[in-house]
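Fold and geometry: a report
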Amino acid sequence: GDASRAAAGTGGRRGGASLTFSLGDWLRRAGRPRPLPGRLEDGRARAPAPPPAPHLFSDPAEIEALRGNLLAWYDRCKRDLPWRTLVRGVWVSEIMLQQTQVATVIDYYNRWMQKWPTLQALAQASLEEVNELWAGLGYYSRGKRLQEAARKVRWCWGVGGVSKALCSLWVGAGSHLPCLAGAASCWHKATGVVDGNVIRVLCRLRCIGADSSSPPVIDRLWDMANTLVDRSRPGDFNQALMELGATVCVPKAPLCGECPVKQHCRARRRVEKELAFASQKLFGKPDPVPDVEDCGKCVGGCPLCPPATEPWDSSLGVTNFPRKAAKKQPRVVKTATCVLERRGCHGAPEYLIVQRPNSGLLAGLWEFPSLLLAQGLQEEKQQEALADHLQAWMGWPVAAGDLQLIGEVVHIFSHIHQTYVVYSLPLDGDVTLDPASSPSRWVTEEEFHASAVSTAMKKVLGDTWAFPSFPLGSSPQPLRAVPVPGPSCCSALGSLVLPSGAEST
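For the structure given in this document, a descriptive report is provided here. Counting of residues starts from 1 at the beginning of each chain's written sequence and follows it residue by residue. It should be noted that, the model being predicted, local features are given only for residues of pLDDT at least 70 and side-chain atom pairs only at 80 or more, the latter also being counted only at that level, while totals for whole chains, interfaces and linings use all residues. No hydrogens and no water enter the side-chain calculation; it runs on all heavy atoms of the structure.

**Quick word on the environment of cysteine 203**
- For the purposes of this entry, the term helix denotes a DSSP run of H or I that reaches at least four residues, the term strand denotes a run of E that reaches at least two, and both are numbered from the N terminus. The residue cysteine 203 is located in helix H11 (residues 196-205) in this model.
- Classification of cysteine 203 by relative accessible area gives buried; the value is 0%.
- Counting along the chain gives 63 residues from cysteine 203 to arginine 266, while the straight-line C-alpha distance between them is 9.2 Å.
- When checking whether two residues touch, look at their non-hydrogen atoms; a contact exists if any pair is within 4.5 Å. Beyond its immediate sequence surroundings of up to four residues, cysteine 203 is in contact with Ile208, Ser212, Leu221, Phe321 and Pro322. Exposed residues in this analysis have more than 50% of their type's maximum accessible area, buried residues have under 20%, and partly exposed residues fall in between, with area computed by a 1.4 Å probe over protein chains only.

Shown next as structure tokens:
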């Protein structure tokens, strides 16, 4: 390449030396396209420069000491969690714990393991059963993929095969965390893991102040986790690292005095250096000690240091790390939802629920009939749009005035600020469902809560019951159901719904 030609006197300017080109060399260079940024001339990706030493674990003695200190602390102080007594439980728990707190997961985990004590039992379950048990835990695709993985693992033999099966089913944020954590803990595979707790611990241990959610930083953290993992106790080490982030190295007010690896923490050293400098300044000592955490790069030149626009904040201490990019504002969405109610055969109220598509948000869950509303739509227009939607859905006229406004229910998803505008439509008479239509069914309140419905829909029903006009007995004049003369083209109901006293034509 250029370096060898420069050394031979035929390359170009290197190190200030004036070199000459041969005509043939010049023509070859002139006719060759310039490589893309970050790539070599042959098109291969250019290997990123290694980060400065202060951001790495490069001393074998330090790594060994950190492993020993962390594992000794873990053996002494680990929490008594149900999944730590069962090998397969580690895998299930790691998936449930993504973006979810331990206190929330414990009850779901116990019910899950009681219902499906083996992978074979889980593999044979229906997606409806999985969604019903997962309801309320959020991020519903996790339950679906957990079952898919159980089905695939049945056909994979050996440690490598199982790990590959699990990894192939997990994509997106967090990537291979659940399967790698499971592989490390269940099959003693020496591989590191990176979750939110581990990111926080590693960023503080090595003063990594760049955006911790960016791909380059995440790649470095994975490399670091794989370097640190204890080869003889990989599962325990990974659990210990996550435990440390969950109980000691917490986001706010970390318990640095109780940290078993505080002697390895560069963020803590940085705080001590700042205090020493403040003390020297107070007593008039002009020259501070050199910054032992200086990575040697100029300001803004290190890909792992805090950006120049976000300098160290002394008031934050070790919580200067990690740093994340500003969150995007959640998308604002408004949906009209209709609670259709009738009296059941025993006089108890029943509600119509329909199943969502098998892909997208809340895939496969059940909900009250709903319609996504255009932004800025006035209340009267919202009511008309919902009436038109129900009319097209049932195949018969529904007047906007028959819909009774209950109120609004706000539910925050990770990326969506959802507002449900809730209406009620009480029905009177024997309404039957068309089995040929999209999945829908009538349920009692007890059956509703036992179904695979989201927390948002439970809020909707709760607000509906709180409204003074419900239940049906005290609501305005209900709509009367009249038998449909023949199947409806797009109906989930096998009956026509008309205001009481109206005649069908």
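**Notes on H11**
- Burial of H11 is extensive: nine of the 10 residues sit out of reach of the surface.
- Where H11 is buried, its residues contact helix H3 (60-77), helix H12 (215-228), helix H13 (234-247) and helix H14 (266-282).
- One side-chain oxygen at the N-terminal end of H11 lies 3.2 Å from the backbone nitrogen of asparagine 197; it belongs to aspartate 195.
- Phi turns positive one or two residues past the end of H11, at cysteine 207, with a value near 50°. What qualifies as a polar contact is a pair of N or O atoms within 3.5 Å, subject to a donor-acceptor requirement within protein and to the restriction that residues adjacent in sequence count only when both atoms come from side chains.

**Some points on the packing of H11 against H13**
- Packing of H11 against H13 brings their axes to within 8 Å, and their N-to-C directions diverge by 85°. As the angle between them shows, H11 and H13 are arranged roughly perpendicular. Here H11 contributes Asn197, Val198, Arg200 and Val201 to the contact with H13, which in turn contributes Leu241, Met242, Leu244, Gly245 and Ala246.
- Amino acids are sorted into nonpolar (Ala, Val, Leu, Ile, Met, Phe, Trp, Tyr, Cys and Pro), charged (Asp, Glu, Lys and Arg) and polar (every other residue, Gly among them). Tallied by class, the residues present in the contact of H11 with H13 amount to six nonpolar, two polar and one charged. Axis definition: a line fitted to C-alpha atoms, over the contacting stretch in the case of helices. Angles run 0 to 180 degrees between N-to-C directions. Each angle receives one of four descriptions, namely roughly parallel if under 35 degrees, roughly antiparallel if over 145, roughly perpendicular if within 65 to 115, and oblique otherwise.

**A closer look at the nonpolar core**
- To form a nonpolar core, buried Ala, Val, Leu, Ile, Met, Phe, Trp, Tyr and Cys residues must be joined to one another through side-chain atoms within 4.5 Å. Ranked by size, the top nonpolar core spans 47 residues in total, and within it Met96, Trp112 and Phe368 carry the most contacts.
- Among the elements that line this core, the one with the most residues is helix H5 (residues 102-115), at five residues.
- If sequence neighbours within four positions are ignored, tryptophan 112 has contacts with Val92, Met96, Leu122, Val130, Leu133, Trp134, Gly143 and Leu146.
- Residues Leu205, Ala210, Met224 and Ala225 belong to the second largest nonpolar core, which totals 42 residues.

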